[in-house]
Amino acid sequence: MTIETDVAIIGAGPIGLFAVFELGLLDLKCHLVDILDRPGGQCTELYPEKPIYDIPGLPIVTGQELVNRLLEQIKPFDPQFHFGEMATALEKLSDGRWKLKTDAGTEIVAPVIVVGAGAGSFQPKRPPVPGIEAYEGTSVHYAVRKMETFRDQNVLIVGGGDSALDWTLNLHPVAKRITLLHRRDEFRAAPHSVEQMRALVAGGKMDLRLGQVTSLAGTEGKLTGATIKGNDNNVTEIACDTMLPFFGLTMKLGPVANWGIALENNLVPVETSAFETNVSGIFAIGDINTYPGKLKLILCGFHEGALMSQKAHRYVYPEKRLVFQYTTSSSSLQKKLGVS
Ligand SMILES: Cc1cc2nc3c(=O)[nH]c(=O)nc-3n(C[C@H](O)[C@H](O)[C@H](O)COP(=O)(O)OP(=O)(O)OC[C@H]3O[C@@H](n4cnc5c(N)ncnc54)[C@H](O)[C@@H]3O)c2cc1C
């Protein structure tokens with residue numbers, strides 16, 4: 001699928017989201033790519049319920065609430081999201097535009113690229129099971145994209161956090177049988193989910209095992225079973241078609257490092273009039289960039305997005321003069337926001 005737009009944003013963290021607003025006020029349309037399955041970056045992935053106290057005008061707001069408000073604020077500009085996709089390659093076209101490719105086959109062609117990749121892409125931690133790579137993408141999955149994929153399958157879910165428990169409960173009606181495997185009989189997940197899981201186990205509707213996977217069995221990427229070493233040191237085999245390990249996420253700079261953009265200690269150096277990189281038309285805003293005096297604060301990233309948008313406008317509409325306007329007094333801006 002090839003999409004043409006004005007701006008392709010890598011990262012739907014708070015800074016990528018607010019950039020949509022600033023770009024939208026200047027009539028620039030955006031597509032955003034994020035490897036996560038929802039917007040918010042660190043705010044929703046690492047601290048959704050923690051209060052933030054230094055967002056101007058919001059004395060206290062949780063990570064999730066801030067993201068909800070940003071989503072509401074950018075709604076008039078109808079941003080298009082590509083979740084669960086890793087931006088992998090960037091290529092310059094002969095007409096001067098960029099083609100951004102994702103690992104899901106999406107291609108976004110745009111005159112402007114905004115790297116809002118934060119501390120890098122969130123990537124699932126791989127459990128230490130020998131040979132697990134051979135099953136990844138076929139029988140071992142680190143995210144659930146479509147529940148139907150697991151219909152009538154024996155599913156082994158590994159982990160004790162919210163993702164493991166949520167998918168245990170969500171997939172239970174779809175799968176043939178769910179086995180939840182965790183290292184110990186204590187869970188980090190929400191207590192309500194743990195209670196629901198325990199009720200299913202008590203009713204004989206799913207299995208809970210305590211221990212670790214030590215090896216996998218199968219052929220040509222197709223899993224048939226797993227060997228489990230229990231906490232009592234007993235070794236048993238269970239039949240399974242699918243394994244879903246939820247061992248948390250790590251952050252890696254990832255493919256951004258391969259795009260020919262200058263890097264400094266895994267950060268992207270930018271100038272500070274528009275937060276453009278050493279490559280014309282590619283900007284970097286938020287936690288991913290570096291410049292003298294940089295602070296990794298959300299409010300700083302918002303400012304960077306505003307200045308970036310002014311220069312991005314020149315790439316998309318080189319012939320149009322940009323007139324500076326306030327949202328309080330400009331009827332044209334208010335029209336774009338749908339408030340007049
Ligand atoms: C515990 C904690 C508390 C914090 N408290 C505060 C606070 O009180 N006040 C404050 O101002 N800041 C706080 N911060 C910092 C704040 O969260 C960050 O400054 C902010 O999230 C940066 O936003 P961002 O959009 O630049 O990056 P991120 O939030 O990191 O989002 C970047 C997104 O890009 C995606 N991505 C990266 N590479 C790719 C790729 N190649 N393909 C697809 N997707 C990709 C990632 O998956 C991620 O979703 C806190 C951070 C933490 C961890």
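Right above here is the structure, for reference.
This structure is a prediction, so every number in the text was calculated from the model and none was measured.

A. Inspection of the packing of aromatic side chains at higher detail. Under the defined criterion, the tally for this structure stands at seven aromatic pairs. Each ring, one from Phe 18 and one from Phe 302, has its centre 4.7 Å from the other, and the planes form 45 degrees; the classification is tilted. One end of the pair, Phe 18, is in helix H1 (residues 14–25); the other, Phe 302, is in helix H6 (residues 298–316), and 284 residues separate them in sequence. A single burial state applies to Phe 18 and to Phe 302, both of which are buried. For the pair Phe 81 and Phe 83, a centre-to-centre distance of 5.0 Å together with 10 degrees between the ring planes defines the contact as stacked. Through a chain of ring-to-ring contacts, three or more aromatic side chains come together here, namely Phe 18, Phe 21, Phe 77 and Phe 302. Lying across the ring of Tyr 317, Lys 320 places its NZ or CZ 4.0 Å from the centre.

B. How the structure looks around the pairing of strand E2 (residues 7–10). Along E2, one buried face is formed by Val 7 and Ile 9 and the opposite face, lined by Ala 8 and Ile 10, is buried too. As paired strands, E2 and strand E3 (residues 30–34) are joined by four bridges and run parallel to one another. Bridged to Val 7 within E3 is Cys 30. Considered for its hand, the β-α-β crossover made up of E2, H1 and E3 is right-handed. Both E2 and strand E10 (residues 112–115) contribute to a ladder of four bridges, which runs parallel. Each residue of the ladder has a partner; that of Ile 9, found in E10, is Val 114.

C. Inspection of the site of the ligand at higher detail. Around the ligand, 32 residues are found, and the nearest of them are Asp 34, Gln 42, Tyr 47, Asp 287 and Ile 298. Here an oxygen atom of the ligand sits 2.8 Å away from a polar atom, N or O, in the side chain of Gln 42. Asp 287 places a polar side-chain atom, nitrogen or oxygen, 2.8 Å from an oxygen atom of the ligand. With the chains in place, 87% of the 1000 Å² that the ligand exposes on its own is no longer accessible. Counting only elements with at least two residues in the shell around the ligand, the list comes to H1, E3, helix H2 (41–45) and strand E11 (121–124).

D. Geometry of the sheet that holds strand E9 (residues 107–110). Taking strand neighbours across the sheet as the criterion, the four strands line up as E1-E9-E8-E7 in an open arrangement whose pairing is mixed. Here the strands that pair on one side only, and so sit at the sheet edges, are strand E1 (2–4) and strand E7 (87–92). In this sheet, neighbouring strand axes are inclined to one another by 20 degrees on average, regardless of whether the strands run parallel or antiparallel.

E. Focus on the sheet that holds strand E17 (residues 242–245). Spatially, six strands are ordered E16-E15-E14-E13-E12-E17 in an open sheet, and the strand pairing comes out mixed. Single-partner strands in this sheet number two, and they are strand E16 (235–239) and E17. In this sheet, adjacent strand axes meet at a mean angle of 35 degrees when their direction is disregarded. When strand E15 (residues 222–230) meets E16, the two strands line up antiparallel, connected through five bridges. In the sheet register, Ile 228 faces E16, and the bridge partner there is Thr 236.

F. View of the pairing of E9. A two-sided burial pattern is seen for E9, the buried positions comprising Glu 107 and Val 109 on one face and Ile 108 and Ala 110 on the other. Of the pairings in the sheet, the one linking E1 to E9 comprises three bridges and is parallel in character. Opposite Thr 2, over in E9, you have Glu 107 as the bridge partner. When strand E8 (residues 98–102) meets E9, the two strands line up antiparallel, connected through four bridges. Within E9, the position partnered with Trp 98 by the bridge is Ala 110. Here E8 hands over to E9 after four residues, with Gly 105 in that stretch at a positive phi of 90 degrees.

Calculation criteria
Residues numbered from 1 in each chain as written. Predicted model: local features only at pLDDT ≥ 70, side-chain atom pairs only at ≥ 80, totals over all residues. Heavy atoms only, no water. Phe/Tyr/Trp six-rings, centres within 6.5 Å; stacked < 30°, edge-to-face > 60°. Helix = DSSP H or I, 4+ residues; strand = E, 2+ residues; numbered from the N terminus. Buried < 20%, exposed > 50% of the residue type's maximum accessible area, 1.4 Å probe, protein only. Lys NZ or Arg CZ within 6 Å of the ring centre and 35° of its normal. Pairing = 2+ DSSP bridges. Right-handed = clockwise from strand over helix to strand, strands pointing away. Near = heavy atom within 4 Å. Polar contact = N/O pair within 3.5 Å; in protein donor to acceptor, adjacent residues only side chain to side chain. Areas by Shrake-Rupley, 256 points an atom, 1.4 Å probe, with all protein chains shown as cover. Axes fitted to C-alpha atoms, helices over the stretch in contact; angles between N-to-C directions.

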